[in-house]
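# Architecture and fold: a report
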There are 4 protein chains.
Amino acid sequence: MSILTLDILAALEKQSIELPSWAFGNSGTRFKVFGTPGTPRDPYEKIADAAQVHAHTALAPTVALHIPWDLVDSFDDLRRHAEDHGVTLGTVNSNTFQDDDYKFGALTHEDAAIRRKAIDHHLACIDVMDATGSRDLKIWLAEGSNYPGQADLRGRQDRLHDSLQQIYARLGDDQRLVLEYKFFEPAFYHTDVPDWGTSYAQVSALGDKALVCLDTGHHAPGTNIEFIVMQLLRLGKLGSFDFNSRFYADDDLIVGAADPFQLFRILFEVIRGGGLNNPDVAFMLDQCHNVEDKIPGQIRSVLNVQEMTARALLVDREALSAAQRSGDVLTANAVFMDAFSTDVRPALAEWRESRGLPADPMAAYAASGYQQRIAEERVGGVQAGWGA
Amino acid sequence: MSILTLDILAALEKQSIELPSWAFGNSGTRFKVFGTPGTPRDPYEKIADAAQVHAHTALAPTVALHIPWDLVDSFDDLRRHAEDHGVTLGTVNSNTFQDDDYKFGALTHEDAAIRRKAIDHHLACIDVMDATGSRDLKIWLAEGSNYPGQADLRGRQDRLHDSLQQIYARLGDDQRLVLEYKFFEPAFYHTDVPDWGTSYAQVSALGDKALVCLDTGHHAPGTNIEFIVMQLLRLGKLGSFDFNSRFYADDDLIVGAADPFQLFRILFEVIRGGGLNNPDVAFMLDQCHNVEDKIPGQIRSVLNVQEMTARALLVDREALSAAQRSGDVLTANAVFMDAFSTDVRPALAEWRESRGLPADPMAAYAASGYQQRIAEERVGGVQAGWGA
Amino acid sequence: MSILTLDILAALEKQSIELPSWAFGNSGTRFKVFGTPGTPRDPYEKIADAAQVHAHTALAPTVALHIPWDLVDSFDDLRRHAEDHGVTLGTVNSNTFQDDDYKFGALTHEDAAIRRKAIDHHLACIDVMDATGSRDLKIWLAEGSNYPGQADLRGRQDRLHDSLQQIYARLGDDQRLVLEYKFFEPAFYHTDVPDWGTSYAQVSALGDKALVCLDTGHHAPGTNIEFIVMQLLRLGKLGSFDFNSRFYADDDLIVGAADPFQLFRILFEVIRGGGLNNPDVAFMLDQCHNVEDKIPGQIRSVLNVQEMTARALLVDREALSAAQRSGDVLTANAVFMDAFSTDVRPALAEWRESRGLPADPMAAYAASGYQQRIAEERVGGVQAGWGA
Amino acid sequence: MSILTLDILAALEKQSIELPSWAFGNSGTRFKVFGTPGTPRDPYEKIADAAQVHAHTALAPTVALHIPWDLVDSFDDLRRHAEDHGVTLGTVNSNTFQDDDYKFGALTHEDAAIRRKAIDHHLACIDVMDATGSRDLKIWLAEGSNYPGQADLRGRQDRLHDSLQQIYARLGDDQRLVLEYKFFEPAFYHTDVPDWGTSYAQVSALGDKALVCLDTGHHAPGTNIEFIVMQLLRLGKLGSFDFNSRFYADDDLIVGAADPFQLFRILFEVIRGGGLNNPDVAFMLDQCHNVEDKIPGQIRSVLNVQEMTARALLVDREALSAAQRSGDVLTANAVFMDAFSTDVRPALAEWRESRGLPADPMAAYAASGYQQRIAEERVGGVQAGWGA
């Protein structure tokens, strides 16, 4: 009999993790972007690749778009294309960091005309959402400054509020805005939304449809991320996750690769706080596959989340509570670690097979020939990256 | 003519920085507490020492108390003692980290009886405030856990809210509660109020008389502290500062010693946000003089704050705004750095003399013979430290 | 059949991890040291407790001493006491951080008389080693400064070399000196041996019997510790490990508790570099059980090391090399993670039983009644801590 | 009379800081590279711009080249071009991070053919040095891995040694190799030369002509950089500095912009250790002017170094030593801070004028019309960046 109970399997069956279209394009560092054979040349090919992840795992039914990188002539057409491939279009991500006008800010810019342009870009993103049926507008602000004195921190914060209000006002009844925070980069002295507190204060000032997006790679060294997960769930303001992992900065590595135990702790707090399979809390990946293959990189990622979710569901919460109440530190820790130390992979493989999925999605994908096919077919054109 | 205008001098004249009584006792690390000749044996001697700082600088008219370290038979008597020495009693600090009952928490403890005890301690602190005429109750929570699984993060947060509410309810009309946050220590896995966001969320749930206390040494590596200062002033929730400086963790070094430019930036945001000489924003020191003399250590500290305040007041804010608005990064930074690079010490010395204060308070204290006197007189008894 | 091959079991059987006598005494933070019933009152009781760890695990046959905390009238007697309890005495740790003379340094002090005193202390430690049959003298230097300008960094380094040379000259042919490095604490501005490079440069200047001690909690945030392990093994200068774990600073938590994957990576590099069961590379614990029970805390620790060693031994190194050589990032990582994800606990339990050891040492210790017995018997006297 | 004595002025007069040719081209983050009017299109224009910095400051007589970015048909011609503009060509920087072959390493690669290619690139760089008369070959290795298991840490270290030996063997009698270390980026799990210890161990294994290059932005958070400066000078292995500043990662901001006090402390240790105006210790900038103008950004940078050098030369070292010897922490710190707090700008301005230089080089450059001229003239062509 499986170590995964029916309740656990039922929870796992409902799990879905949104994939970022840009993870299938090329990415890199400021020093170099390496290309790989088979990289998509347009949004249609990105979605076809994303669909491979879902086909092998049943974990990734939606694909997030990034505007303007994923602009197409007809989003109706793109939507049908996605559906033909077994997936749907998800969160729409805005971009205010690649236009020359935004060198010194966008939603926070000193110049009202540039703020207007940035706000209009977001309104256009909501238009896309209307066309794609997306619920969430995700705003990551690359804004900040590099030198002390360069920027008026307070004025920017006030202008940010004003800009966000105008965007918020345009949201449909069933649409939401999620505001991502980030410790640093691309700005190196100050960032306008650097921490969860700032994002929380800003979205709280907007209304119920504005929430915080927590990217697991966007914190200061040593930050206890599961604490923030707990707090945002407690405050009713955790809108979504951008999953990835890091050793140093915003490394954007495969989720669970750098510190699997941290991912376990985060998922335990998600479960504990009612955030698992809760439609209000979107699970997304936001990663860069700079040196590894992209499609299997994404498959590995969703499997890591699934595996750690299974382990976190294994925590004997009654025994844990009893140990916590009695101040028995070692027993409480042991109950917690017992779940983390359990190898759920065989049970997951068996369960996958029972559902008509490959026991080993990585091997199945490798055997499928898809990678070779796209490497051969996708000749010519410009490989997609962070700019197209 | 002085480089410090009359407006600047007027602002500096109003500045006051509260001293912590415990800075005059012995302190150290977990490895060793070194004693020094002349260390006070009781609250009366601590206040006498604190009064020396004020006498030489006119910057430190109030002294914060720590309960139970500063418990006396009659706070009326202590108050008169302070006034006789030219200072008054200030913020009352509670202590829920040295009783064996608090090993696993105090305001957050699983056991209602221990929470009750911790709440009652705070009510007793408010009784002290009534007797001393203090306005602020400062709560620093040493609570947290050392191992994943040890504690129920969410339950503790809810219990914290409940406990704080009961304390808040007891505050007089003119009294306030300030809640300090701290990144880590003494707990090493999670801390119940680890960041400004948590403190802000907790005090916002209480009411207008609850505010955040920002200790400059309580942040993750790399945190932009002046940004938090700006944000809390913007949100109307910055109640007080605990000034000190750090290279690594909560080092509690002399304010301005580790990164004088950071102190300058913080004070600039205080001024910019209306927090200077604003009674709603208390300036306090919270430091440990582990290896240096305590009274001159405190004199050095208040002078550092004064000096950086003077430099921050020198910023040409019109020129700064103009450069910021035009995106002229180098000029904006230059305007900012021009103030920081200015040596205000001669002008401050001259101004001190004009007010009947010593031009060089450090030298004047050294020449006063006070240190030798207390070293000779304070023989016998137990030197005050973190426990008495 | 076990997932652990005979080769792996043979390697595990040879593993030994030295316990620190001080882990059985009380410890805490600068804020508070909590006592617990049953805490040893003298070195004899500490060794009796340490012997319990070995009795239940067969992993901890030696106990490190700390001088002067473990000074006894007769080390011959203590040695026999240890042997009677089935363990032997191991590394001798010096202490130059608790004498008032060492406020500003010991081996690095400006004053030759104080340096002499500190050197003599180390010579006395070698006398103890002669009596106990210990091989290693471990030097952790708490020396440094708190304020820029306080100390002459260069002069101290030169004096350190001179002092170490005098100590080194006294070592017997079969004795060694291991020099520990630490990022910070108790000094907060500079530490005289802050990083592996400094320790390496200092011990290289002494000779073959001087090596580096790597404490896993003594690094800057984000440091890749397994890289240092690899490098020191490569350079032939890794003398010993002080195992523990940390989230923030030198938290001294149970090894493997904060980041089990990091412990796995470290042990993989130990194995890869020939450091496992290599007498030249001593495995030791250096931990503080501030809030958890001490004896089971130590049992948990050695089991964590054993478990991660087993997982690290499971890495399919041929498959790993093949993937590395071909630049197949995802496969190399998968081979590595496959070992880490394997639950070796059932196989280890079975193997323990086959050797006459308890399958579950934690449960066996709890059931042994030892903890209750010492709690009842050890009444009166002064509980051991960092000072006795 | 100037606060800068004749000795100090004599020292300042000898100071020279090498400029990196690439600082005059465009740079940015992985998110965006902003262009600016007037950016050079080729090495000739970069050198013309660098010469402007020297013309206004007399501080920057040499320009470092980066190969292949600065490849030209005739280095003799480029050398004459430089001399015509009043500067000379300096350190040659190799590049093994932008060729597709180097995705998984260069000097450390598993494949001998790729290592050969990387070694040959360095030999070609030495050919350039022969042509330009450059003394130093600077090697910054971007090599490392992103995922645990991806790479054989130890094998790479051994191969690195082998590759470096082959390069070292080709150096002329008066040529040197300096090996830069870097904490992370572009690799996110391990970097092959991550710390000064590794660079020191590698160059020590080569010989006297191999030294360490210390980039001030390449350390873990909290690292005491001046300590490393002291240690490398003590060990005779500090070959050169790459100056810049940072708040978070390798931000490459203007030197002195993030933490001027740190720059002061570093320069004090340089002076203390005999590294100032010592031909064995090269001063270079390595910065990115992502959002600010490049030529004035470089002028600001060399002025910052000069100003902090002047302040560091003002330290009263006798008084400092006396206070250090007597354990007078506050006085030692006060002597140190007194120099740091001194405003040397008026004295430097006066001294510049006395030498026929502009009192305010920033203003003089702005008034020169050069920026407008290049903005108008440099139309067409491709602006230089990290790739041309």
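Residues numbered from 1 in each chain as written. Chains lettered and ligands numbered in written order. Predicted model: local features only at pLDDT ≥ 70, side-chain atom pairs only at ≥ 80, totals over all residues. Heavy atoms only, no water.

An unreviewed UniProt entry lists chain A under the name L-rhamnose isomerase, from Microbacterium sufflavum.

Across the contact, 53 residues belong to chain B and 53 residues belong to chain A. Approximately 4200 Å² of surface area, both sides summed, lies buried where chain B meets chain A, with 60% of it carried by carbon and sulfur atoms. The three residues of chain B that bury the most area against chain A are B:Arg154, B:Phe227 and B:Arg234, which together make up 16% of that side's buried surface. Linking chain B with chain A are 4 salt bridges. Here A:Arg234 ties to B:Asp158 by a salt bridge, and the two come within 2.7 Å at their closest N and O atoms. At the boundary of chain B with chain A, the tally comes to 20 residue pairs in polar contact (both at pLDDT 80 or more). Broken down by secondary-structure element, the contributors of at least two residues to the side of chain B that touches chain A are helix H5 (153-170), strand E7 (190-191), helix H6 (196-204), helix H7 (225-234), helix H8 (260-272), helix H10 (317-325) and helix H11 (329-341) of chain B. Residue composition of the side of chain B that touches chain A, by class: 23 nonpolar, 18 polar and 12 charged. (Contact = heavy atoms within 4.5 Å. Buried area = accessible area lost by both parts, 1.4 Å probe. Salt bridge = Lys/Arg side-chain N within 4 Å of Asp/Glu carboxyl O. Polar contact = N/O pair within 3.5 Å; in protein donor to acceptor, adjacent residues only side chain to side chain. Helix = DSSP H or I, 4+ residues; strand = E, 2+ residues; numbered from the N terminus. Nonpolar A, V, L, I, M, F, W, Y, C, P; charged D, E, K, R; others polar.)

The next thing to look at is the packing of aromatic side chains. Counted under the stated rule, the structure contains 96 aromatic pairs over all chains. With centroids separated by 4.6 Å and ring planes inclined at 5°, the aromatic side chains of A:Tyr248 and D:Phe184 adopt a geometry described as stacked. A residue pair is termed interchain when its members come from two chains, as with A:Tyr248 in the loop between strand E9 (238-243) and helix H8 (260-272) and D:Phe184 in the loop between strand E6 (176-180) and strand E7 (190-191). Across this residue pair, the class does not change: A:Tyr248 and D:Phe184 are buried. Between the aromatic rings of B:Trp69 and B:Phe97, the centroid separation amounts to 6.2 Å while the plane-to-plane angle is 85°, which identifies the pairing as edge-to-face. With a gap of 28 residues between them, B:Trp69 in the loop between strand E2 (62-66) and helix H3 (75-84) and B:Phe97 in the loop between strand E3 (88-93) and helix H4 (112-132) connect regions that are remote in the sequence. With a relative accessible area of 6%, B:Trp69 lands in the buried category. Take B:Phe97: its relative accessible area is 7%, and that puts it in the buried class. Seen from the ring of D:Tyr168, D:Lys209 lies directly overhead, with NZ or CZ sitting 5.6 Å from the centre. The side chain of D:Arg311 reaches across the aromatic face of D:Phe340, ending 4.9 Å from its centre. (Phe/Tyr/Trp six-rings, centres within 6.5 Å; stacked < 30°, edge-to-face > 60°. Buried < 20%, exposed > 50% of the residue type's maximum accessible area, 1.4 Å probe, protein only. Lys NZ or Arg CZ within 6 Å of the ring centre and 35° of its normal.)

Two copies of the chain are present, and they differ by a rotation about an axis and a shift along that axis. Superposing chain B onto chain A takes a rotation of 180° plus a shift of 0.0 Å along the axis, which leaves an RMSD of 0.0 Å. In symmetry terms, the pair is related by a two-fold rotation axis. Proximity to the rotation axis, assessed at the C-alpha, singles out B:Gly197 in chain B; its C-alpha lies 2.1 Å from the axis. (Least-squares fit on C-alpha atoms with pLDDT ≥ 70 in both.)

A few words now on the pairing of strand E3 (residues 88-93) of chain A. Residue and element names in this part refer to chain A. In terms of burial, E3 is largely enclosed, as 5 of its 6 residues are buried. Summarising the sheet, strand E2 (residues 62-66) and E3 pair through 4 bridges and their orientation is parallel. Paired with Val 63 across the strands is Leu 89, a residue of E3. Handedness of the E2-helix H3 (residues 75-84)-E3 crossover: right-handed. When E3 meets strand E4 (residues 136-140), the two strands line up parallel, connected through 2 bridges. Within E4, the position partnered with Val 92 by the bridge is Leu 137. Chirality of the crossover, the property in question, places the unit of E3, helix H4 (residues 112-132) and E4 among those that are right-handed. (Pairing = 2+ DSSP bridges. Right-handed = clockwise from strand over helix to strand, strands pointing away.)

Turning our attention to the pattern of salt bridges. Counted according to the given criterion, the structure contains 119 salt bridges over all chains. With a shortest N-O distance of 2.6 Å, C:Asp101 and C:Lys117 are connected by a salt bridge. With C:Asp101 in the loop between strand E3 (88-93) and helix H4 (112-132) and C:Lys117 in helix H4, the pair connects residues that are 16 residues apart, well separated along the chain. Overall, C:Asp101 belongs to the partly exposed group, its relative accessible area being 35%. Of the residues examined, C:Lys117 reaches a relative accessible area of 32% and is grouped as partly exposed. Each member of the salt-bridge network shares a partner with another, and the members are A:Arg30, D:Lys182, D:Glu185, D:Asp250 and D:Asp252.

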